[in-house]
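# Commentary on secondary and tertiary structure
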Amino acid sequence: MLDVSNVQKVTKSVAQPRARGKARVSVKPFNGRTVLGDLHQAGSLKVVFPRTQGPDLQAVTVNTAGGITGGDQFEASFEARAETTLTVTTQAAERAYAATTEAGQLSTKLQVAAGGAINWLPQETILFEASKFNRQMHVNLDGDARLLFVEPLVFGRPAHGEALRDVQFRDTVQLNRDGAPLFHDGMAMNGDLNAQLARTAHGAGALASVIYVAPDAEAHLPQVRTFLPQHGGASLLQPDVLHIRLLAQDSFVLRQSLIPILTLLNIGPLPRAWMI
């Protein structure tokens, strides 16, 4: 006779499958263009390189797991050497799904050598009800390295009648230049996000943080301010460091301000993935 109790015990002791993904990309100069130097990818995180006309190299990350949930772990690093420009985006919006156990983890490192540049342009991250998600970003700039950085965040899908009543989200951004802190930011959200956003963020359904580090940052400030929505601000942290924060009703409204700003600072069209 089959011992059902033992079967149940074995079933409970088997851990649920978790997604794991790692990617490492470095680029180098070659005949006036940026080309791939080193590439390593494993698990559920892939990187593809679409053909483009410009001198920079575009990298598109793909999460083949379809999203991030409890216990998932993803790590990525991108390095731009001198005289190179690397643009990194995502194939689609990232999704943080409901988690019943520990939080999903995403850790990213950007390294930019003097004379190099990285445009970090992922599409939105969408938080779903009951999600648990921790995200860490570490950026190291050398000397006159340039950076365009954005992280758009969307709070659920209100058009589908969704509400975020039980969410755990941690987000940290640490940006250093020549080993010294240049910009450090952190965000922690727990519990009823809809109530918190209604109380502190005008009921926003989406937000974005933009950091631009380049010699012409101050010159761009007046035009950037013409693109700002009602609940948005832009300020210079240093003559070459521009910080922008945007709040919007939803992701569609957010993009109406965000795309013109990024197009201006990117000195050209955004990656094709943004337009699909």
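The structure contained in this document is the topic of the report that follows.

Conventions adopted
- Every chain begins its residue count from 1, and numbering advances along the sequence as written.
- Reporting of local features is limited, given that this is a predicted model, to residues whose pLDDT is at least 70; pairs of side-chain atoms are given and counted only at 80 or more, and all residues count toward the totals for whole chains, interfaces and linings.
- Heavy atoms throughout the structure, all of them, feed into the side-chain values; hydrogens and water do not.
- The helix count covers DSSP runs of H or I at least four residues long, the strand count covers runs of E at least two residues long, and both are numbered beginning at the N terminus.
- Just to be clear, the radius of gyration here is over C-alpha atoms, and the globule rule we use is 2.2 Å times residues to the power 0.38.
- Three labels apply to residues, based on accessible area from a 1.4 Å probe with only protein chains included: buried if under 20% of the type maximum, exposed if over 50%, partly exposed otherwise in between.
- Residue contacts are defined here by distance: any two heavy atoms, one from each residue, within 4.5 Å place the two residues in contact.
- Each accessible area is a Shrake-Rupley estimate made with a 1.4 Å probe; only the visible protein chains count as cover when residues are assessed.
- By the counting scheme adopted, Arg and Lys are positive, Glu and Asp are negative, and His together with the chain ends is not counted.
- Charge positions come from single atoms, namely NZ of Lys, CZ of Arg, CG of Asp or CD of Glu.
- Two strands make a pair as long as DSSP finds a minimum of two bridges between them.
- Orientation is described by axes fitted as lines to C-alpha atoms, over the contacting stretch for helices, and by angles from 0 to 180 degrees between their N-to-C directions.
- A pair of aromatic rings is counted whenever rings of Phe, Tyr or Trp (Trp by its six-membered ring) have centres within 6.5 Å, and the orientation is called stacked for planes under 30 degrees apart, edge-to-face for over 60 and tilted otherwise.
- Think of a 1 Å grid over just the protein atoms. A cavity is a set of points where a 1.4 Å probe fits yet cannot get out, a pocket is an open set with protein on both sides within 12 Å along at least five of seven lines, and lining residues have an atom within 4 Å of a point.
- Grid points are joined across faces, edges and corners, and a volume is the space filled by probe spheres set on the points.
- Residues are sorted three ways: Asp, Glu, Lys and Arg are charged, Ala, Val, Leu, Ile, Met, Phe, Trp, Tyr, Cys and Pro are nonpolar, and all the rest, Gly among them, are polar.
- Counted as salt bridges are all cases of a side-chain nitrogen of Lys or Arg within 4 Å of a carboxyl oxygen of Asp or Glu.

So, on to the overall build of the protein. Looking only at helices and strands, one finds four helices and 17 strands in the protein. Computed over the C-alpha atoms, the radius of gyration of the protein is 20 Å, within 12% of the 19 Å expected from 2.2 N^0.38 for a compact globule of 276 residues. Counting across all 276 residues of the protein, residues that qualify as buried make up 45%. Looking at the protein alone, contacts between residues at least 24 apart form 71% of all its contacts between residues at least 6 apart. Carbon and sulfur atoms make up 53% of the accessible area of the protein, which totals about 13,600 Å². Measuring between centres, the 25 positive side-chain charges of the protein sit 6 Å from its 24 negative side-chain charges.

Across the sheet, which stays open at both edges, the seven strands sit in the order E2-E1-E5-E8-E11-E13-E14 with mixed pairing between neighbours. Across the chains shown, the open sheet's two edge strands, defined by having one partner strand only, are strand E2 (33–43) and strand E14 (180–191). The sheet shows a mean angle of 5° between the axes of neighbouring strands, direction not considered. Direction of pairing for strand E5 (residues 73–80) relative to strand E8 (residues 104–112): parallel, over a ladder of eight bridges. Note that in E8 the partner of Phe 78 across the bridge is Leu 110. Along the sheet, helix H2 (residues 193–200) contacts strand E13 (167–177) and E14; its crossing angle with E14, the most-contacted strand, is approximately 120°.

Another point: the packing of aromatic side chains. Enumeration over the complete set of coordinates arrives at three aromatic pairs. Ring plane angle 40° and centroid distance 5.9 Å describe the contact between Phe 133 and Phe 169, whose orientation is recorded as tilted. Pair noted here: Phe 133 is in strand E11 (residues 132–141) and Phe 169 is in strand E13, with a separation of 36 residues, a long-range link. On the accessibility criterion, Phe 133 (1% relative accessible area) is buried.

Inspection of every chain in the model, using the stated rule, returns two cavities of 30 Å³ or more. What the largest cavity holds in volume is close to 100 Å³. Contributing to the lining of the largest cavity are Arg 135, Phe 149, Glu 151, Leu 153, Asp 171, Val 173, Asp 185, Gly 186, Met 187, Leu 207, Ser 209 and Arg 245. Secondary-structure elements contributing two or more residues to the lining of the largest cavity are strand E12 (146–155), E13, E14 and strand E15 (206–213). In terms of residue class, the lining of the largest cavity is built from five nonpolar, two polar and five charged. Empty space within the second largest cavity amounts to approximately 30 Å³. Around the second largest cavity, the lining residues are Arg 135, Gln 136, Met 137, Glu 151, Asp 171, Thr 172 and Val 173. Contributing elements (two or more residues each) for the lining of the second largest cavity: E11 and E13. Grouping the constituent residues of the lining of the second largest cavity by class yields two nonpolar, two polar and three charged.

Following the sequence through the fold, Pro 215 ends up in the loop between E15 and helix H3 (217–227). Residue class for Pro 215 comes out exposed when judged on its relative accessible area of 65%. Once residues lying within four places of it in the same chain are set aside, the contact partners of Pro 215 are Arg 146 and Asp 240.

Enumeration over the complete set of coordinates arrives at eight salt bridges. Taking the shortest distance from any N to any O, the salt bridge between Arg 135 and Asp 171 comes out at 2.9 Å. On the criterion of sequence distance, the pair formed by Arg 135 in strand E11 and Asp 171 in strand E13 is long-range, its members being 36 residues apart. One network of salt bridges, in which partners are shared, links Arg 135, Glu 151 and Asp 171.

What follows covers the pairing of strand E6 (residues 85–90). Across a regular strand the side chains alternate sides, sitting on one face of the sheet and then on the other. E6 sits mainly inside the fold: five of its six residues count as buried. Here strand E4 (residues 57–63) runs beside E6; their pairing, made up of five bridges, is parallel. Residue pairing for E6: Gln 58 is matched across the bridge by Thr 87. In terms of strand pairing, E6 meets strand E9 (residues 117–120) through four bridges, oriented parallel. Residue pairing in the sheet places Thr 85 in a bridge with Ala 117 of E9.

These values are about where atoms sit, not about what they do.
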